[in-house]
Amino acid sequence: MKYREIQLPATEEPLMLMARLARSGLFGQYAVYENGAEWSFAGGALAELRLDRDSLDGTRDLVAVEEWLASLPVTGYRAYGWAAFELGAALAGVDPGDGRLLCLAVPAGEVRAEGGRVLVRAVDPELLERLARFVGAPGEPVAVPDGRVGAALDDPGGYREAVAAVLAHLHGPGPLEKVILSRRVEVPVPLDLTATYVAGRRANTPARSFLLDLGGVQAAGFSPETVAEITGDRRVVSRPLAGTRARTGAPAEDARLRADLLGDPKEVHEHAVSVKLALEELAAVCDETYVAEYMTVEERGTVQHLASAVVGRLRADRTPWQAFAALFPAVTATGIPKAPAYPLIRRLEGRPRGLYAGAVLTCDASGALDAALVLRTVFQEDGHCWLQAGAGIVRQSRPAREHEETCEKLRSVAGHLVPGAGVSGAPEIPGQVGAVSDTVAP
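Conventions used here
- Residues numbered from 1 in each chain as written.
- Predicted model: local features only at pLDDT ≥ 70, side-chain atom pairs only at ≥ 80, totals over all residues.
- Heavy atoms only, no water.
- Helix = DSSP H or I, 4+ residues; strand = E, 2+ residues; numbered from the N terminus.
- Rg over C-alpha atoms; globule rule 2.2 N^0.38 Å.
- Contact = heavy atoms within 4.5 Å.
- Areas by Shrake-Rupley, 256 points an atom, 1.4 Å probe, with all protein chains shown as cover.
- Lys, Arg positive; Asp, Glu negative; His and termini not counted.
- Charge placed at Lys NZ, Arg CZ, Asp CG, Glu CD.
- Buried < 20%, exposed > 50% of the residue type's maximum accessible area, 1.4 Å probe, protein only.
- Pairing = 2+ DSSP bridges.
- Axes fitted to C-alpha atoms, helices over the stretch in contact; angles between N-to-C directions.
- Parallel < 35°, antiparallel > 145°, perpendicular 65-115°, else oblique.
- Left-handed = near helix turned anticlockwise from the far one by under 90°.
- Nonpolar A, V, L, I, M, F, W, Y, C, P; charged D, E, K, R; others polar.
- Salt bridge = Lys/Arg side-chain N within 4 Å of Asp/Glu carboxyl O.
- pLDDT = per-residue confidence, 0-100.
- Phe/Tyr/Trp six-rings, centres within 6.5 Å; stacked < 30°, edge-to-face > 60°.
- Lys NZ or Arg CZ within 6 Å of the ring centre and 35° of its normal.
- Core = buried A, V, L, I, M, F, W, Y, C linked by side-chain atoms within 4.5 Å.

Asks: Looking at this model, I keep getting lost on the overall build of the protein chain. Mind explaining?
Replies: Counting its regular elements, the protein chain contains 12 helices and 25 strands. Here the C-alpha atoms of the protein chain give a radius of gyration of 21 Å, agreeing with the 22 Å that 2.2 N^0.38 yields for 442 residues. Each of the three principal axes of the protein chain carries a C-alpha extent, and together these read 65 × 55 × 40 Å. A separation threshold of at least 6 residues defines the contact pool for the protein chain, and within that pool the share at least 24 residues apart is 76%. Carbon and sulfur atoms make up 52% of the accessible area of the protein chain, which amounts to about 17000 Å² in all. Charged side chains of the protein chain number 46 positive and 57 negative; the gap between the two group centres comes to 2 Å.

Right, dumping it as structure tokens:
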């Protein structure tokens, strides 16, 4: 099998096209993925892979994924999917617990928008025509409600106490140098995830964004960094972010906070040890490894981060999925070293993370693979919604400041939560309405 394709001129902005497709009901499951100038929608599944602990069978690589991709009956594919945080534990030889670890789907229909052009793809000619008609005839937009669902960001539980417990480990005789500890914030009502994605994307500055209803997972996210960017010519890049200050919207105050971030010994140390481990992980599968950018500042929504780029050339005896396995989960969302951090994180957080701190990813027949770190995301399951955010704990950390950092990160998403249809009595906060109205099509 091979994909048939139709090229069309763009008649609407990519964000609106992706939202319309997600709302269309044309497919039972879908994924939207924004990667730079290209926005992609993947609907349905010609083939699907789901892995859990038993599927991996104790292996510490992802050979099962490579074998599945090699067996696909379709050429020119791009697969879309996600990896749970606990996949990293399994790859490290630590029990990941129950639950799905990875899902990949090769779509039945695909729409890619970039540079004023839209590429429509499908194997089935009838589906191709239906998608082309849908793309070429935009429907009436429906305004996203101005009201937003409120979520209490302050921690009523024991986050500060959990940070103190991590600090006790870091000051003890064990190997841990850093642990990323997160907390959940419950959203009180079901959400309209598509409208939330539109509202949140207008207000954020992500490295990648995504909207998923795939493999039993529903999420909308604005990823601040990538775990792995692997090109068809075998160049591998990972972009760790570590070290955080708020963005207030006031230029003078943001500049002051930026200078404070760059001069804070705790934040600089946290970033440096993260880059060091990312470089070591890359060196395990790559030659010609180096740090292309070091300790710049990236603005991501309501926060600004210290940022670096670690680069290598994949060795001839290594595969893109081996590179992904070496880098996953992101060092900035796990711990240093990773293996002893997993059981401590599970014990102190009290539940598996699932997609949080995992990855949403694409891969294609050329060998390219792109994986976004799942942070700044809202999750929904059976009408239950939540946010999650963490902070990197090192020996110089202070529990109150780490709690404050989680609040700063949560605000990137918390102000853009749109209640689902028919939700009444939901606590709301005023919507942030800009010069361009937030709209999605039905």
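Asks: I would appreciate a short explanation of the pairing of strand β21 (residues 369-373) in the present structure.
Replies: Strand residues, when the strand is regular, have side chains that alternate between the two faces of the sheet. Counting buried residues along β21, 5 of its 5 residues qualify, which places the element largely inside the surrounding structure. Counting the residues in the hairpin turn of strand β20 (residues 359-364) and β21 gives 4 residues, including G367, whose phi is positive at 100 degrees.

Asks: Sorry if this is basic, but what is going on with the packing of helix α1 (residues 14-23) against helix α5 (residues 125-136) here?
Replies: How two helices pack is summed up by the angle between their axes together with the distance between the axes. Orientation of α1 relative to α5, taken along the N-to-C sense of each, is 130 degrees, at an axis distance of 11 Å. Relative to α5, α1 is oriented oblique. The handedness of the crossing between α1 and α5 is right-handed. Along its contact with α1, which presents L17, R20 and L21, the element α5 presents L131, F134 and V135. Of the residues belonging to the contact of α1 with α5, the class tally is 5 nonpolar, no polar and 1 charged.

Asks: Would you explain the pattern of salt bridges in this entry?
Replies: When their charged atoms lie close together, side chains carrying opposite charge are able to pair. Taken as a whole and judged by the stated rule, the model has 35 salt bridges. With a closest N to O distance of 2.9 Å, E13 and R202 form a salt bridge. Highlighted residues: E13 in the loop between β1 (4-9) and α1 and R202 in helix α7 (residues 193-203), separated in sequence by 189 residues. Here R401 makes a salt bridge to E408, at a shortest N to O gap of 3.0 Å. In terms of burial, R401 and E408 fall into one category: buried. A single network of salt bridges, built from pairs that share partners, joins K178, R245, D260, D264, K266, E267, E270 and E402.

Asks: Is there a simple way to explain the pairing of strand β8 (residues 117-122) in this structure?
Replies: Counting buried positions over the 6 residues of β8 gives 5, a clear majority of the element. Two elements, β1 and β8, share 6 bridges in a ladder whose sense is antiparallel. Residue pairing across strands places I6 opposite V120, the latter belonging to β8. Where strand β7 (residues 109-114) hands over to β8, the hairpin turn is made up of 2 residues, of which G115 adopts a positive phi near 60 degrees.

Asks: How should the confidence of the model for the protein chain be read in this particular structure?
Replies: Interpreting fine coordinate detail is not advised for predicted regions of low pLDDT. Averaged over every residue, the pLDDT of the protein chain is 92; the share at 70 or more is 94%. Confidence drops under pLDDT 50 across residues 429-442; counting only partners more than four residues distant or on other chains, this segment forms 45 contacts.

Asks: Just to check I follow, could you spell out the packing of aromatic side chains for this structure?
Replies: What describes a pair of aromatic rings is the distance from one ring centre to the other and the angle between the planes of the rings. Enumeration over the complete set of coordinates arrives at 7 aromatic pairs. A ring pair is formed by F27 and F41, whose centres lie 5.9 Å apart and whose planes are at 45 degrees; its orientation type is tilted. With F27 in the loop between α1 and β2 (30-35) and F41 in strand β3 (residues 38-43), this residue pair connects regions lying 14 residues apart in the sequence. This pair shows no difference in class: F27 is buried, exactly as F41 is. Where Y30 meets F41, the ring centres are 5.9 Å apart and the plane angle is 20 degrees; that geometry is what we call stacked. Residue Y30 is located in strand β2, and its partner F41 is located in strand β3; the two are separated by 11 residues in the primary sequence. By relative accessible area, Y30 is classed as buried at 11%. When its relative accessible area of 1% is taken as the criterion, F41 is described as buried. Through a chain of ring-to-ring contacts, the aromatic side chains of F27, Y30 and F41 assemble into a single cluster. The lysine or arginine in question, R183, covers the ring of Y159, its NZ or CZ lying 6.0 Å from the ring centre.

Asks: Just to check I follow, could you spell out the nonpolar core for this structure?
Replies: Taken as a class, soluble globular proteins show a tendency for nonpolar side chains to be buried jointly. Residues L87, W321 and F324 are the most contacted members of the largest nonpolar core, which totals 90 residues. Counting residues per element, this core draws most heavily on helix α6 (residues 159-170), which supplies 6 residues. F324 has contacts with L62, A83, L87, I230, A359, L361, L369 and A371, leaving out every residue within four places of it along the chain. If you look at the next biggest cluster of nonpolar residues, it comprises 46 residues, including L127, Y197, V198 and A220.

Asks: How should the side chain of K338 be read in this particular structure?
Replies: Relative to the elements of secondary structure, K338 occurs in helix α11 (residues 338-349). For K338, a relative accessible area of 10% corresponds to the buried category. Residues within four places of K338 in sequence aside, it is in contact with L277, E281, A326, L327, F328, P329, A330 and V331.

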